[in-house]
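Working through the structure, step by step
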Amino acid sequence: MVPRFTTKKAFYGIALLTLATAIHAIARQDHAARLEQTSLEEDTTVDERYIKKIIISGNTLVSEEAIRHRIPYQLGHHFDPTKTSTLIRNLHELGYFKQIEVSIEYSGIRGLYLYIDLTEKKRFQSARFVGNKHLLETAIRKKIDFTKIKTLEADELPKFEQIIRHMYAERGYHGAQVHAQLKETADGKVDVVFTINEGAYTVVKRVSFKGNQRINSKVLRNSIFTREDWLFSIMDRAGTYHPDAVEQDKYTIETMYHNQGFLTAKVVKTEIEKDQDRGDFLITFYIEEGPQYSFSEISAPGNELLNEEEILRVLPIRPGQTYSQDRLKRSIEFLRSLWGEHGYIYADVEPSVQPDEQTKTVKVALYSELGNKVRLNRINIVGNKKSRDKMIRRQIDLDEGEILNSRRMDRAKDRVSGLGYFDPRDGVNWKINRINDELCDLDLMVKEVRTGKFEFQLGTGGDAVNIRNAASAFTANATFFDNNAWGQGLQYNVNGSASWQRISGNASLMYPWLFDKPISGALAFGTSSQTYDEMRNNIQSKVTENRVGGTAGIGFFMGKRSDIHSQFQIGAEHLAYGNNMPQANTALGAEYAATFNAILQRRFEQGTMLWASNITNFDTRNHPTHPSRGHQWSLNFKVGIPTQSSGSTNDNTSYDCAKNAVGTNKNSIVGTNFGFLRFEGDASWYTPLIGEHDMVLGLHGHIGVVARLGNHTIPYRELFHVGGPASVRGFLFGQISPQWRVPGTYDSDSIGAKNAFWINTEIVVPLTPDFQYKAAVFYDGGAGWDTPDADLIPADQLRNNGFNYRHAIGFGVRILGGPFPAQIDWGLKLDRNKKAGEPLTEVHLTMNRTF
């Protein structure tokens, strides 16, 4: 029998079979997809994955935003494993973390998560010091700014210990021990405690040399940094021991020998011992001098610009001279500069030095490779935070596109330095940035100094600048000034001074480039009350002049970049002497009193003086305060403008009227108006004698002539009173100018000269690299002669009216830094007048304090 399948049963069977087949197919596809995804994840490298998320943890002191700012990754960008070291370094520089861990986790086929786990340092709270007696806590905190330290760990303490030990060593405590320890506070922060054992004070007690036969020990000792302790070590830091300085001293000694021809000289050993009693240092340099060499033959092949003969004629080395390494270097630099003047800035000079041990001579050849001439592409000013670019560029006589010239580069450098806004030692320098063989950029690197100051001065011995200031008593002076206000070159000065002889106040304002044009404008106002103490010998009471006045001026630069400046000024001054005009002492006798009274009334006339002047100056000095090269000159023409009739034009009539006026109303004086012509010429020249800033020679000269207009009078302060720190040191104010005296006495009074001249020769040696201490030796000389009305004064009452050249020598100290800045000059008269009761010497002292 055959089985029968109904239609309904067949349908259900087919459906079940189809469903089972579909489920199996889906399962196989899902398995295949999983295998494919696993394969893709295993085949994708880490640098092919993109960053889906950055997770930061462990930070409490630094915000997450600040941290993300230092992470060199961005969401959606591919992950670069090489940047992890940059990430760690950037976060470590924040100074808050002692451990930084970076990890990743894959996410999906091509994504990843970046995890940054941070472990913070302990938060720093305060620092304390124990045992510091000779080093103030404020000095330490100034050196180590603890306010900027937010966190601190024990492994960071040794660097602070080293800093404090170094500070003690600079003060002579070389055995000082410093131990730093962290103390945890109750709130989880840390304090650091520095326990200090200062030890004994030690200095360099002896510096000696062994093996030196050709160079004296004293010369060597003066050339090195390490110096023996002495009485005034506090001024020059002598006696301080620095191991690094001793190493540098070895090089200095060898260089000194090489510069004197000892080509093979060397310091073979440096022995440093400690004194057993005090622990002071005893330093010995052992020297092998070797033989002395000389130049035997010099050659310098020429070219189409200069032949060899022309080159050798200007080089600073010659055959037969003692060999000098320094002279050879200067010859190389000179030759490079010579080619630079012709436009070959990149010229290279290669020396060939061939010593001959048999003859103890050196053959030198200087080979020059000129290269191409170089054009200037662009000038950049670098380092000027205050001074505007335009103030500096006005001094640079170089144009973009022109061929560079080393001489003009040096001149531009000196002009910029001459502004006085920058450090006088290497505060202005050129840097050449080569673009190609024929084009370059110039960077003018400047280092600014403070131009605005408040100075308080205490001094005695006279005014070192103003010859018209007769004050020589103890003086207090306060000045507030800036010669580069707002970086625009605006100059202002507010000054006040007081002494027994003079009280004054002055204010001035000068702008050198009005409307950005080569036009200067100036305003000034001043008032003073000055007692001419030198006029005290033969008068009834002291002469006190009250002055008030003001000036206005406009000036012009001769050419946009010229050093010549001409300024025209107008001014008015009112002169008064109180209720009583100066009167001669009646004890002199009627005749002498009448004569001197007439002179006094001429010199000290009351009234208002109107004047006009022109000042033209030229200045190429490389610095206004610390010049070492260059020169300056100035011409000053001034006219006192008469506004009223002078009365009689006969000198004798005027003189007789003045004599007869004794004892009458002192305001009824013939010739109550001022009128004069005055001319002054001034010039200075400076040159280095050794190095650029090592020893500088300065020459200065001044001449002056004043003449009255008609029978008008010349004010006392407009005459010349030669003598004192502003003219001829070693003498007092007016001591070498015409004087009125009573016959048979030493008493005399300066009555002024119509003609004057003086010269100053000075050699200045900086004692410190920053020019804060200087020493000077000087020779001054000069004379003032021909007083007004000389023919009306009896010969036995007039002294020094003829040309009588007087001179003095001396030395000075300039202390610009330290607790008591001062300028001291001691002058010795070379032609002392014993009969006049003159002292042999004079001391001029000014003390300054800059805040």
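Residues numbered from 1 in each chain as written. Predicted model: local features only at pLDDT ≥ 70, side-chain atom pairs only at ≥ 80, totals over all residues. Heavy atoms only, no water.

1. Some words on the overall build of the protein
Using the following cut-off: In DSSP terms, a helix is any run of H or I states spanning at least four residues, a strand is any run of E spanning at least two, and both are numbered starting from the N terminus. Using a 1.4 Å probe on the protein chains alone, a residue whose accessible area is under 20% of its type maximum counts as buried, one over 50% counts as exposed, and one in between counts as partly exposed. The criterion used for residue contact is that any of the two residues' heavy atoms lie within 4.5 Å. Here the Shrake-Rupley method, with its probe set to 1.4 Å, supplies the accessible areas, and only the displayed protein chains count as covering residues.
Check the secondary structure of the protein and you find 14 helices and 35 strands. Taken across its 851 residues, the protein has 43% of its residues classed as buried. The long-range fraction of contacts in the protein, counting pairs at least 24 apart against all pairs at least 6 apart in sequence, stands at 64%. When the accessible area of the protein is evaluated, it comes to approximately 44000 Å², of which 54% is carbon and sulfur surface.

2. Observations regarding the packing of aromatic side chains
Short version of the rule: Aromatic contacts are taken between Phe, Tyr and Trp rings whose centres are within 6.5 Å, Trp giving its six-membered ring; a plane angle under 30 degrees counts as stacked, one over 60 as edge-to-face, and the others as tilted. Lysine NZ or arginine CZ positioned within 6 Å of the ring centre and within 35 degrees of the ring normal marks a charge as sitting over the ring.
Applying the stated criterion to the full structure yields 22 aromatic pairs. Ring centres of Phe146 and Phe160 lie 6.2 Å apart, and the angle between their planes is 45 degrees; this geometry places the pair in the tilted category. Here Phe160 lies in helix 5 (residues 157-170) and Phe146 lies in the loop between helix 4 (137-143) and strand 5 (151-152), a separation of 14 residues in the sequence. Exposure class is identical for Phe146 and Phe160. Each is buried. Plain terms: the ring middles of Phe146 and Phe194 are 6.1 Å apart, the flat faces sit at 55 degrees to each other, and that makes the pair tilted. Of this pair, Phe146 sits in the loop between helix 4 and strand 5 while Phe194 sits in strand 7 (residues 190-197), and the two are 48 residues apart along the sequence. For Phe194, a relative accessible area of 0% corresponds to the buried category. Taken together, the ring pairs connect Phe124, Phe129, Phe146, Phe160 and Phe194 into an aromatic cluster. Above the plane of the ring of Phe731 lies Lys829, whose end atom (NZ or CZ) is 5.2 Å from the centre.

3. As for the nonpolar core
The following threshold applies: Throughout this description, the term nonpolar core refers to a set of buried Ala, Val, Leu, Ile, Met, Phe, Trp, Tyr and Cys residues connected via side-chain atoms within 4.5 Å.
The biggest cluster of nonpolar side chains holds 23 residues, and the ones touching the most others in it are Ile379, Ile396, Leu398, Phe422, Trp430, Leu442 and Leu444. Contributions of two or more residues to this core are made by strand 14 (375-382), helix 11 (389-393), helix 12 (406-417), strand 15 (428-436) and strand 16 (439-446). Among the elements that line this core, the one with the most residues is strand 16, at four residues. The next biggest cluster of nonpolar side chains, apart from the first, holds 22 residues, and it includes Phe124, Ala127, Tyr168 and Val178.

4. Describing the side chain of Asn800
The condition is simple: Any N or O atom pair separated by 3.5 Å or less is treated as a polar contact, with the protein-specific requirement of one donor-capable and one acceptor-capable atom, and with residues adjacent in sequence counted only for side-chain atom pairs.
Considering the arrangement of structural elements, one finds Asn800 in the loop between strand 32 (798-799) and strand 33 (806-815). A polar contact is formed between the side chain of Asn800 and the backbone oxygen of Gln735, at a distance of 3.4 Å. Side-chain polar atoms of Asn800 contact the backbone oxygen of Ser737, separated by 3.4 Å. Other than its neighbours up to four places away in sequence, Asn800 contacts Gln735, Ile736, Ser737, Pro738, Gln739, Gly784 and Trp785.

5. Quick notes on the sheet that holds strand 12 (residues 348-356)
Heads up, the condition is: Paired strands are those between which DSSP finds at least two bridges. Axis lines are fitted to C-alpha atoms, over the contacting stretch for helices. Their N-to-C directions set the angle, which ranges from 0 to 180 degrees.
Strands sit in the order 11-13-12 across an open sheet of three strands; the sheet is mixed. At either margin of the open sheet sits one strand with a lone partner, and together these are strand 11 (294-299) and strand 12. When the angles between neighbouring strand axes are averaged without regard to direction, this sheet yields 20 degrees.

6. A look at the pairing of strand 7
Counting buried residues in strand 7 gives six out of eight residues, a clear majority hidden from the surface. Note that strand 4 (residues 122-130) and strand 7 share six bridges and pair parallel. For Ala127, the partnering residue across the bridge sits in strand 7 and is Val192. Relative to strand 7, strand 6 (residues 177-184) runs antiparallel, the two being bridged by eight bridges.

7. A word on the pairing of strand 2 (residues 97-107)
Every other side chain in a regular strand lies on the same face of the sheet, so the side chains alternate between the two faces. As judged from the 10 bridges shared by strand 2 and strand 3 (residues 111-120), these two strands associate in the antiparallel manner. Its bridge partner being in strand 3, Ser107 is matched across the sheet by Gly111. In this antiparallel pair of consecutive strands, strand 2 and strand 3, the connection spans three residues, and Gly108 shows a positive phi of 75 degrees.

8. Examining the environment of Val178
By secondary structure assignment, the location of Val178 is in strand 6. With 46 residues separating them along the chain, Val178 and Asn132 place their C-alpha atoms 9.8 Å apart. The residues touching Val178, leaving out its near neighbours within four places in the chain, are Glu161, Ile164, Arg165, Phe194, Thr195 and Ile196.

9. What about the pattern of salt bridges?
This is how the line gets drawn: Each reported salt bridge corresponds to a side-chain nitrogen of Lys or Arg within 4 Å of a carboxyl oxygen of Asp or Glu.
All chains considered together, the criterion is met by 41 salt bridges. Lys390 is paired through a salt bridge with Asp516; the nearest N and O atoms lie 3.2 Å apart. Placement of Lys390 in helix 11 and of Asp516 in the loop between strand 20 (502-511) and strand 21 (519-531) is noted, with a sequence separation of 126 residues between them. Of the residues examined, Asp516 reaches a relative accessible area of 41% and is grouped as partly exposed. One salt bridge in this structure joins Glu573 and Arg717, with 3.9 Å as the shortest N-O distance. Highlighted residues: Glu573 in strand 23 (residues 564-576) and Arg717 in the loop between strand 27 (696-708) and strand 28 (739-741), separated in sequence by 144 residues. Overlapping salt bridges, with partners in common, bring together Arg729, Glu762, Asp780, Arg814 and Asp825 in one network.

10. Considering the confidence of the model for the protein
Low pLDDT means the predicted atomic positions in that stretch should not be read closely. Note the following rule: Each residue carries a pLDDT value, the predictor's own confidence for that position, ranging from 0 to 100.
This prediction gives the protein a mean pLDDT of 83; 84% of its residues lie at or above 70. Per-residue pLDDT stays below 50 along residues 31-41; that stretch engages in four contacts with residues further than four places along the chain or on separate chains. Considering only residues more than four positions removed or in separate chains, one finds that residues 646-671, a stretch of pLDDT under 50, has 36 contacts.

11. Some words on the side chain of Gln632
Its place among the elements puts Gln632 in strand 25 (residues 630-641). Excluding residues that lie within four positions of it along the chain, Gln632 makes contacts with Phe618, Asp619, Arg621, Asp682, Ala683 and Ser684.

12. Thoughts on the sheet that holds strand 15
The three strands lie next to each other as 14-16-15, forming an open sheet whose pairing is mixed. Each edge of the open sheet carries a strand with a single partner, namely strand 14 and strand 15. This sheet shows a mean twist of 20 degrees between the axes of neighbouring strands, independent of strand direction. For strand 15 and strand 16, the ladder comprises eight bridges, and the chain directions are antiparallel. Bridge pairing links Asn429 to Met445 in strand 16. Seen against the sheet, helix 12 touches strand 15 and strand 16 and runs at an angle of roughly 140 degrees to strand 15.

13. Concerning helix 10 (residues 325-341)
This is how it is decided: Here a helix's expected span is defined as the number of its residues, less one, multiplied by 1.5 Å.
With 17 residues, helix 10 should cover 24 Å at 1.5 Å per step; its first-to-last C-alpha distance of 24 Å lies within 8% of that length. Taken as a whole, helix 10 has its buried residues at Leu328, Ser331, Ile332, Leu335, Leu338, Trp339 and Gly340. Packed against the buried residues of helix 10 are helix 9 (308-314), strand 12, strand 13 (361-369) and helix 12. Directly beyond the C-terminal end of helix 10, a positive phi value near 100 degrees is found at Gly343.

14. Re a nonpolar patch on the surface
Where we set the bar: Patches were defined on residues exceeding 30% relative accessible area and lacking a salt bridge, with like-charge contacts within 9 Å and nonpolar side-chain contacts (Val, Leu, Ile, Met, Phe, Trp, Tyr) within 5 Å.
Side chains of Phe454, Phe456, Phe480 and Val494 sit close together on the surface and give an oily, nonpolar patch of about 340 Å² of accessible area. Note on Val494: relative accessible area 44%, which makes it partly exposed.

15. Points about the packing of helix 8 (residues 243-259) against helix 10
Test applied: Here roughly perpendicular refers to angles of 65 to 115 degrees, roughly parallel to angles under 35, roughly antiparallel to angles over 145, and oblique to all remaining angles. Amino acid classes used here: Ala, Val, Leu, Ile, Met, Phe, Trp, Tyr, Cys and Pro are nonpolar; Asp, Glu, Lys and Arg are charged; the rest, including Gly, are polar.
In the contact formed by helix 8 and helix 10, the axes pass within 6 Å of each other and the chain directions differ by 80 degrees. Taken as axis vectors, helix 8 and helix 10 run roughly perpendicular relative to one another. For the pair helix 8 and helix 10, contact is made by Tyr251, Thr255, His258 and Asn259 and by Gln325, Asp326 and Lys329, respectively. Residues belonging to the contact of helix 8 with helix 10 are distributed by class as follows: one nonpolar, four polar and two charged.

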